[in-house]
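Structure at a glance
Spelled out from the first residue to the last, the chains are:
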Amino acid sequence: MLRIGPFEFSSRLLLGTGKYPNFDVQKKAVDVSEAEILTFAVRRMNIFEASQPNFLENLDLKKYTLLPNTAGAKTAKEAVRIAKLAKASGLCDMIKVELIGCQKTLLPDPIETIKASEELVKEGFIVLPYTSDDVVLAKHLEDLGCHAIMPGASPIGSGQGIMNPLNLRFIIEQTTVPVIIDAGIGTPSDAAIAMELGADGVLLNTAVSGAKDPIKMAEAMKLAIKAGRLGFEAGRIARKEYGQASSPVEGMSIG
Ligand SMILES: CC(=O)[C@@H](O)[C@H](O)COP(=O)(O)O
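Remember, it's a predicted structure, so these values are computed and weren't measured experimentally.

**Structural notes on the overall build of the protein chain**
A tally of helices and strands in the protein chain yields eight helices and 10 strands. Across its three principal axes, the protein chain shows a C-alpha extent of roughly 85 × 40 × 35 Å. When the accessible surface of the protein chain is summed, it comes to about 12900 Å², and 54% of that surface belongs to carbon and sulfur atoms.

Take a look at the structure:
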């Protein structure tokens, strides 16, 4: 079970909803992924314009918990305003704080992320900040009351996979709220590694929506996340420098 604030989920895959070839593929990919949390950029949704197309209309909303995100915000003030807009529209009290500090790398702005997260926690939101893989920053975010920490594997949409497994492991070790690896996942094996490191979940978008077959990739990601989690729970063997026979012959008389 993945527990975030008052919510409980059996799936550990959080799926983004952008950049699918069309609504039909998006719906099928979301279904097959068995994701229970869907994230979307409030700014890109026409939540207050009934005449405009809105992907939420294509999904059975009773099946999902929506995780609005503040993508497009450059300052804490803007992010807080977007979060309040999402709450006012009745979507969900959870918010993914996404505050990009560099338009080339799409890496998050740590200072504005801290400011926005602090304010949103005070306002009673369930706050999930997207952050870099900085261990100390992750600790500050947890200390100020965030309900999950979401360090990036690598830049958003880059598909480069996990750049800094050591930092992610340090973050996972020190954090008592869920750690969800967010952004940069390229392949199912990247997602499995994130889970094997001990992450509580993985949030991804481009790897599925941009795949040649998004529906198949959604299924592959679902299975990889389950496999990675099982592997983590099972406990891996220790790494050894030298070989060790799989079938020991010590104590056996071999004629
Ligand atoms: C959808 C969303 O929230 C993205 O900003 C997220 O970080 C996913 O990144 P990828 O597209 O790299 O999976």
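**Some points on the nonpolar core**
Counting 56 residues, the largest nonpolar core has Leu15, Leu38, Leu120, Leu204, Val208 and Met221 as its most contacted members. For this core, the element with the most residues is helix H2 (residues 76-88), which contributes six residues. Among the nonpolar cores identified, the runner-up in size contains 14 residues, and Leu2, Leu14, Ile37 and Ala148 belong to it.

**Considerations on the side chain of Asp190**
Structurally, the position occupied by Asp190 is in helix H6 (residues 188-196). At a separation of 3.0 Å, a polar atom in the side chain of Asp190 contacts the main-chain amide nitrogen of Thr187. Apart from residues lying up to four places away in sequence, Asp190 is in contact with Gly159, Gly161, Ile162 and Ile185.

**Describing the site of the ligand**
The immediate surroundings of the ligand are formed by 14 residues, with Lys96, Gly157, Asp182, Asn205 and Thr206 found nearest. Contact distances for the ligand include 2.6 Å between an oxygen atom and a side-chain N or O atom of Lys96. Measuring from an oxygen atom of the ligand, one finds a side-chain N or O atom of Thr206 at 2.4 Å. Looking at the shell around the ligand residue by residue, the classes come out as four nonpolar, seven polar and three charged.

**Comments concerning the packing of aromatic side chains**
Note on aromatic pairs: each is described by the distance of the centres and the angle between the planes. Counting across every chain of the model gives one aromatic pair. The cationic tip of Lys96 hangs over the ring face of Tyr130; the distance from NZ or CZ to the ring centre is 5.3 Å.

**A closer look at unusual backbone geometry**
A positive phi is found at Glu34, a non-glycine position, where the angle reads about 60°. Note that Glu34 resides in the loop between helix H1 (23-33) and strand E4 (37-41). One non-glycine residue, Ala183, lies in the positive phi region at around 90°. Inspection of the secondary structure puts Ala183 in the loop between strand E9 (180-182) and H6.

Calculation rules
- Residues numbered from 1 in each chain as written.
- Predicted model: local features only at pLDDT ≥ 70, side-chain atom pairs only at ≥ 80, totals over all residues.
- Heavy atoms only, no water.
- Helix = DSSP H or I, 4+ residues; strand = E, 2+ residues; numbered from the N terminus.
- Areas by Shrake-Rupley, 256 points an atom, 1.4 Å probe, with all protein chains shown as cover.
- Core = buried A, V, L, I, M, F, W, Y, C linked by side-chain atoms within 4.5 Å.
- Buried < 20%, exposed > 50% of the residue type's maximum accessible area, 1.4 Å probe, protein only.
- Polar contact = N/O pair within 3.5 Å; in protein donor to acceptor, adjacent residues only side chain to side chain.
- Contact = heavy atoms within 4.5 Å.
- Near = heavy atom within 4 Å.
- Nonpolar A, V, L, I, M, F, W, Y, C, P; charged D, E, K, R; others polar.
- Phe/Tyr/Trp six-rings, centres within 6.5 Å; stacked < 30°, edge-to-face > 60°.
- Lys NZ or Arg CZ within 6 Å of the ring centre and 35° of its normal.

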